[in-house]
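Inside the fold
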Amino acid sequence: MIFCRNRGEVDPIPTYHGVDIYSSTDKAGRVPWGVIPRRFELSPRIPTWSGIYVWCLRLDSMAYDCSFLEDLTLDGKFSQSQFDRGNHAGDFGTRKEDEVEPDIVVFVESTSDVAAIVTAANHHEVPVTPYAAGTGLERNATPVEGGISLDTTRMDVIREIRPDDLQIDVEAGVIGEDVNEALERYGLFFPPLPSSGAISTIGGMIATDASGQQTVKYGEVADWVLELEAVLPDGSVIEAGSKAAKTSSGYNLKELLIGSEGTLGIITRATLELAGRPEQVKGGRAVFPTLNNATEAISDAVTSGVDVAKIELIDDQTAILANDYSNTDLPEQPMVFVEFHANHGIDEEIDFCRSIFEVHGLEQMEIAAGEEMERLWQARKDITYAAKEYDPDLDIGPPGDVTVPIGRYPKMIAEVVDVGEEYGFSIPCFGHAGDGNLHYFVLADYDDPEESARAREAYTELVERAIDLDGTATGEHGIGVGKRKFMELEHGVAAVGAMRAIKRALDPKGTLNPGKIVPSKSHNGNDDGIRSDRGITETITDSDFSHD
């Protein structure tokens, strides 16, 4: 909670964040702000439901003594400048009011740097939050307890390419597209790069178990990881997995590290599997009369075995946003974007796909190669920007990232339509339809308390309906802070308890990326705050619904 100086007010004031603000002269038995061993910073004034503005002292992270870093011999450098601390106070999915500045930022350049820092931090009980490119959408890299932000972007060396083994060794800070550029001369590529591959790092992708538009053909990033080097919470360095094509030796620590978001270990190196670049690439878009026609066509194409590399959906609302943003004249109807990769017979595969689409009311299908294909795909690429700029009075809110079995994808799309009508919101939806992944925005005025609350309810309702369809709360963005509240609903109390036990076994002091993924205690309906693995209560804001 936030304690503030507000002229002796005793009763809590609910703000538009859902925060109860209590007075520093609280007589109801609550601890006054002055005796809490935390660092306070004056926050911007917060508008309450009553229209009153109050100036609050924000409960920020404890000021940790990080002077022990001066005794370490490092290849990299550390900084306590306001500029660097501010740049590491959150990631792309962190709203300004949810940022927490670390006490220090360390720009590591080697595995030995990471090991030395984590060893010392663990000894001094200072939290360490790994930071890659900062492109996460669930506050995965936000240092909710302050301490050390460990930046891996300078670990950007491609160590070795082994074309005969179809393998590449890269450090964690290498940008995804740089991998493919280095491989071009060999006629190879790393197929599962997400859409953010041009700006995100390999280490970050692995840590969040990322995937992208080509998952339908090539699988997730995790499917192409052979071996990892990682630093555990006590500073020890391990190798997990194998450069061999398969292994059944020991516990599968590699898979445990993948998707752990830096809570169990910090990835420093990866050996990735590669594939040959396809000789033929064509793609385009198909237009359908209704959303149901489009989703049924997608499900039918995938289950019929159409060899498609990408198959993406945008609904009619999203088409309207794209036209407005790009000044185009696309049909304001549901569209399916497709891309095909092959070494031979690509036209036959396209004809096969077209024949299935025609069964479901296909109205128009344009296919091209090269720059013309890129032009046809542009509307799909512009969606997020188009949604943000469509209406200055509306925000996109937290992006949905649910995934359901492909046969239930049409049902999930119908649920979006139903929830939009029930709650009275426009909810444009789109996504990597071929693997059942759906993104959506609940467009609303998040500065209006009542409307914001309804929008959050709609967002939650859709996640719950996806889980009811045997789906998941997140297909590729990760849990971070924003989706922790769905963990027990999706996995069950016992499974989350097992995850919690693993975290405590490997990281008993809660050193690595505290406050992420696993709730620190069983959710009982009242535990809505960010509670870190170190047992310290963070600011309670309803930030599970940050604009990420």
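These figures come from a predicted structure and were not determined experimentally.

Calculation notes
- Residues numbered from 1 in each chain as written.
- Predicted model: local features only at pLDDT ≥ 70, side-chain atom pairs only at ≥ 80, totals over all residues.
- Heavy atoms only, no water.
- Helix = DSSP H or I, 4+ residues; strand = E, 2+ residues; numbered from the N terminus.
- Buried < 20%, exposed > 50% of the residue type's maximum accessible area, 1.4 Å probe, protein only.
- Contact = heavy atoms within 4.5 Å.
- Areas by Shrake-Rupley, 256 points an atom, 1.4 Å probe, with all protein chains shown as cover.
- Pairing = 2+ DSSP bridges.
- Expected span 1.5 Å × (residues − 1).
- Axes fitted to C-alpha atoms, helices over the stretch in contact; angles between N-to-C directions.
- Phe/Tyr/Trp six-rings, centres within 6.5 Å; stacked < 30°, edge-to-face > 60°.
- Lys NZ or Arg CZ within 6 Å of the ring centre and 35° of its normal.

1. Points about the overall build of the protein
Scanning the protein from terminus to terminus reveals 15 helices and 25 strands. Residues counted as buried form 57% of the 548 residues belonging to the protein. Within the protein, residue pairs in contact and separated by at least 24 positions form 70% of the contacts whose partners lie at least 6 positions apart. Carbon and sulfur atoms make up 48% of the accessible area of the protein, which amounts to about 22,500 Å² in all.

2. Quick word on the environment of N87
Secondary-structure assignment places N87 in helix α1 (residues 82-87). Taking the C-alpha atoms as reference points, N87 and E99, separated by 12 residues in sequence, lie 9.8 Å from one another.

3. A few points about the pairing of strand β25 (residues 437-440)
Going residue by residue along β25, you find N437 and H439 tucked away on one face and L438 and Y440 tucked away on the opposite face as well. Note that strand β23 (residues 402-403) and β25 share two bridges and pair antiparallel. Considered in β25, the bridge of T403 is made with N437. Between strand β24 (residues 429-431) and β25, which pair antiparallel one after the other, the connecting turn spans five residues, and G436 there sits at a positive phi close to 80°.

4. Some words on the pairing of strand β15 (residues 225-231)
Extensive coverage of β15 is indicated by the burial of seven of its seven residues. As paired strands, β15 and strand β17 (residues 266-273) are joined by six bridges and run antiparallel to one another. Bridging from a neighbouring strand, E229 pairs with R269 of β17. Taken together, β15 and the strand that follows it, strand β16 (residues 237-241), pair antiparallel across an intervening segment of five residues, in which G235 is found at a positive phi of about 95°.

5. Structural notes on helix α15 (residues 493-506)
If you check α15, its first and last C-alpha atoms are 20 Å apart, about what 14 residues at 1.5 Å a residue would give, namely 20 Å. The elements touched by buried residues of α15 are α14 (487-491).

6. Points about the sheet that holds strand β11 (residues 148-151)
A sheet is described by the order of its strands in space; here four strands give the open sequence β8-β9-β11-β10, paired in mixed fashion. Two strands in the sheet have a free side with no partner beyond their single neighbour: β8 (77-79) and β10 (128-131). Between one strand axis and the next, the sheet turns through 25° on average, direction left out of account. Relative to β11, strand β9 (residues 104-107) runs parallel, the two being bridged by four bridges. Bridging across to β11, V106 finds its partner in L150. Contacting β9, β10 and β11, helix α2 (residues 111-124) runs over the sheet at an angle of about 165° to β11.

7. As for the packing of aromatic side chains
With the rule as written, the count across this model stands at five aromatic pairs. Relative to Y459, the ring of Y440 has its centre 6.0 Å away and its plane inclined at 50°; by these criteria the two rings are tilted. Residue Y440 is found in strand β25, and its partner Y459 is found in helix α13 (residues 449-468); the two are separated by 19 residues along the sequence. Here the basic side chain of R154 rests over the ring of F107, its NZ or CZ set 4.5 Å away from the ring centre.

8. Here's the deal with the sheet that holds strand β22 (residues 364-368)
Read across the open sheet, the seven strands follow the order β22-β19-β21-β20-β24-β25-β23; overall the sheet is antiparallel. In this open sheet, the two strands that pair with only one neighbour each are β22 and β23. In this structure, strand β19 (residues 280-287) lies alongside strand β21 (residues 335-342), joined through eight bridges in antiparallel fashion. Across the sheet, Q280 pairs through a bridge with A342, a residue of β21. Its contacts with the sheet put helix α9 (residues 346-359) on β19, β20 (310-314), β21 and β22, and the angle it makes with β21 is roughly 155°.

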